[in-house]
Amino acid sequence: MSRNWLENQTTIDKNTQDTIRMSGILPRHIAIIMDGNGRWAVEDGKNRTAGHEEGINSVRDIVKASSQLGIQFLTLYAFSIENWKRPRTEVNILMKLLEFYLKHEIEELHHNNVRLLAIGKLNSLPKSIQKLLLYSIDLTKDNTGLTLTLALSYSGRWDIVKAVQMVALDVRRGKLSPEDITEERFASYLVTHNIPDPDLLIRTSGEMRLSNFLLWETAYSEIFITDRYWPAYRREDLYIAVNNYMCRERRFGKTSAQILTEQPDTNSPKNYFQRVMDAFNPR
Ligand code: IPE
Ligand code: IPE
Ligand code: MG
């Protein structure tokens, strides 16, 4: 079987993705809170580790499907700062699985033009993982396809507080004056400074909370929560979320009437499709 994801896709899946692309503007950035590994396993009479292991297969499928679909940014919440409080044995298993994923997937990710990034308090990760991350990020840094960001030992408040400290330092050094601290300037101090805000935030396992994920960046993200546990989550579930996102009206505080009269994005697939249809059916 080819390692190239575009050659390695069923016709049905290709057609499904074509239909999605034709029906509107894809989210540029999808962020996912991958939750429910433990419950998936326990409800199936297994131990929590089995859930984390199967969760890796979900990661593989969602990364591949996002890349094939043409999503530009995918951010996966894999481990929060608060997750360090879990039993030592579970933390160790999660770290081993992360190491396994990076070791075994990086060549295929690279081969498929994926750029890997990591955000979080990375220096609290085991040294072996830090080394693997550095290697993988460097290896894929010039890739132009999907940007896959792993949130590892990450928490939104940790990032915001760290950014405030750096802003304060720059003010003290005279490099920045308080009046110049705009939203854009502040965001440039966050670990997410080189990725756009998520358009679509998905959380699996039915929990209705952010759990300290991308607190600043999700100000205007569309939120989609599914009951599906992460280990059972596959590309068909992603398509449901993306289709749902594409039917929404993003108003950013404006009224619906304002949004409808604004200049349409003439390059969007939907408008392209509309132009083709109009050419065939002149009014
Ligand atoms: C998500 O699944 C994985 C991590 C948070 C690392 P959980 O391990 O939180 O599974 P549940 O939520 O307890 O079922
Ligand atoms: C959120 O899941 C963190 C990750 C998915 C990495 P948790 O399972 O840690 O969230 P809570 O504790 O239920 O809020
Ligand atoms: Mg959980």
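Here's what I pulled together on the structure shown here.

Thoughts on the overall build of the protein chain
Within the protein chain, the regular secondary structure consists of 10 helices and 6 strands. Here the protein chain has a C-alpha radius of gyration of 20 Å; the compact-globule value for 283 residues is 19 Å, and the two agree. Within the protein chain, the proportion of its 283 residues that are buried is 45%. Taking all contacts inside the protein chain whose residues are at least 6 apart in sequence as the whole, residues at least 24 apart take part in 76%. About 15,500 Å² of surface is accessible on the protein chain, with carbon and sulfur atoms providing 54% of the total. Counting 37 positive and 35 negative side-chain charges, the protein chain places the centres of these two groups 4 Å from one another.

Focus on the site of ligand 2
Surrounding ligand 2, one finds I33, M34, D35, Y77, A78, F79, S80, N83, R86, R203, R209 and S211. For ligand 2, an oxygen atom lies 2.9 Å from a polar atom in the side chain of N83. In the model, an oxygen atom of ligand 2 is placed 3.4 Å from a nitrogen or oxygen of the R203 side chain. Judged by its atoms lying within 2 Å of the grid points, ligand 2 is housed in the second largest pocket. Looking at the shell around ligand 2, the element that brings in the most residues is strand β2 (residues 73–80), giving 4 residues. Taken together, the residues that form the shell around ligand 2 break down as 5 nonpolar, 3 polar and 4 charged.

With respect to the layout of surface pockets
Size it by volume and the second largest pocket reaches roughly 750 Å³. Sorting the residues of the lining of the second largest pocket by element identifies α2 (37–42), α3 (48–69), β2, α4 (88–111) and β4 (147–154) as the ones contributing at least two each. The residue makeup of the lining of the second largest pocket, split by class, is 16 nonpolar, 9 polar and 7 charged.

So, the pairing of strand β6 (residues 222–225)
Residues of β6 alternate between two faces, with E222 and F224 buried on one and I223 and I225 left unburied on the opposite face. Sheet topology places strand β5 (residues 200–203) next to β6; 4 bridges connect them, and they run parallel. Residue pairing for β6: L200 is matched across the bridge by E222.

Describing unusual backbone geometry
Most peptide bonds take the trans form, and the phi angle of most residues other than glycine is negative. For S205, which is not glycine, the phi dihedral falls at a positive 80°. Inspection of the secondary structure puts S205 in the loop between β5 and β6. Accessibility expressed as a relative area gives 8% for S205, which makes it buried. Residue F252 is not a glycine yet carries a positive backbone phi of 50°. The partly exposed category is assigned to F252, whose relative accessible area is 45%.

Some points on the sheet that holds β6
One open sheet holds the 6 strands; their spatial order is β3-β4-β2-β1-β5-β6, and the pairing between them is parallel. Two strands in the sheet have a free side with no partner beyond their single neighbour: β3 (115–119) and β6. Going from strand to strand, the sheet's axes swing by 20° on average, the running direction of each strand aside. Those strands touched by α3 are β1 (29–33), β2 and β4, and its axis lies near 160° from that of β2.

What to know about the pattern of salt bridges
For the structure shown, the criterion picks out 23 salt bridges. We note a salt bridge from E90 to R48, for which the minimum N-O separation is 2.9 Å. Here E90 is found in helix α4, whereas its partner R48 is found in helix α3, with 42 residues between them in sequence. What makes E90 buried here is its relative accessible area of 10%. Salt bridges here are not isolated pairs; linked through shared partners, they connect D35, R39, R203, E207 and R209.

Some points on the site of ligand 1
Lining the immediate environment of ligand 1, one finds 13 residues, of which D35, G38, R39, R48 and R86 sit closest. Within the side chain of D35, one N or O atom sits 2.8 Å away from an oxygen atom of ligand 1. Within the backbone of R39, a nitrogen or oxygen atom sits 2.7 Å from an oxygen atom of ligand 1. Burial of ligand 1 by the protein amounts to 87% of the accessible area it has alone, namely 380 Å². Mapping ligand 1 onto the cavity grids shows that it belongs to the second largest pocket. Put simply, the parts of the chain that give the shell around ligand 1 at least two residues each are α2, α3 and α4.

Rules used in this analysis
Residues numbered from 1 in each chain as written. Chains lettered and ligands numbered in written order. Predicted model: local features only at pLDDT ≥ 70, side-chain atom pairs only at ≥ 80, totals over all residues. Heavy atoms only, no water. Helix = DSSP H or I, 4+ residues; strand = E, 2+ residues; numbered from the N terminus. Rg over C-alpha atoms; globule rule 2.2 N^0.38 Å. Buried < 20%, exposed > 50% of the residue type's maximum accessible area, 1.4 Å probe, protein only. Contact = heavy atoms within 4.5 Å. Areas by Shrake-Rupley, 256 points an atom, 1.4 Å probe, with all protein chains shown as cover. Lys, Arg positive; Asp, Glu negative; His and termini not counted. Charge placed at Lys NZ, Arg CZ, Asp CG, Glu CD. Near = heavy atom within 4 Å. Polar contact = N/O pair within 3.5 Å; in protein donor to acceptor, adjacent residues only side chain to side chain. 1 Å grid on protein atoms, 1.4 Å probe; cavity = no way out; pocket = protein on both sides within 12 Å on 5 of 7 lines; lining within 4 Å. Sits in = over half its atoms within 2 Å of the grid points. Nonpolar A, V, L, I, M, F, W, Y, C, P; charged D, E, K, R; others polar. Points joined across faces, edges and corners; volume = space filled by probe spheres on them. Pairing = 2+ DSSP bridges. Axes fitted to C-alpha atoms, helices over the stretch in contact; angles between N-to-C directions. Salt bridge = Lys/Arg side-chain N within 4 Å of Asp/Glu carboxyl O.

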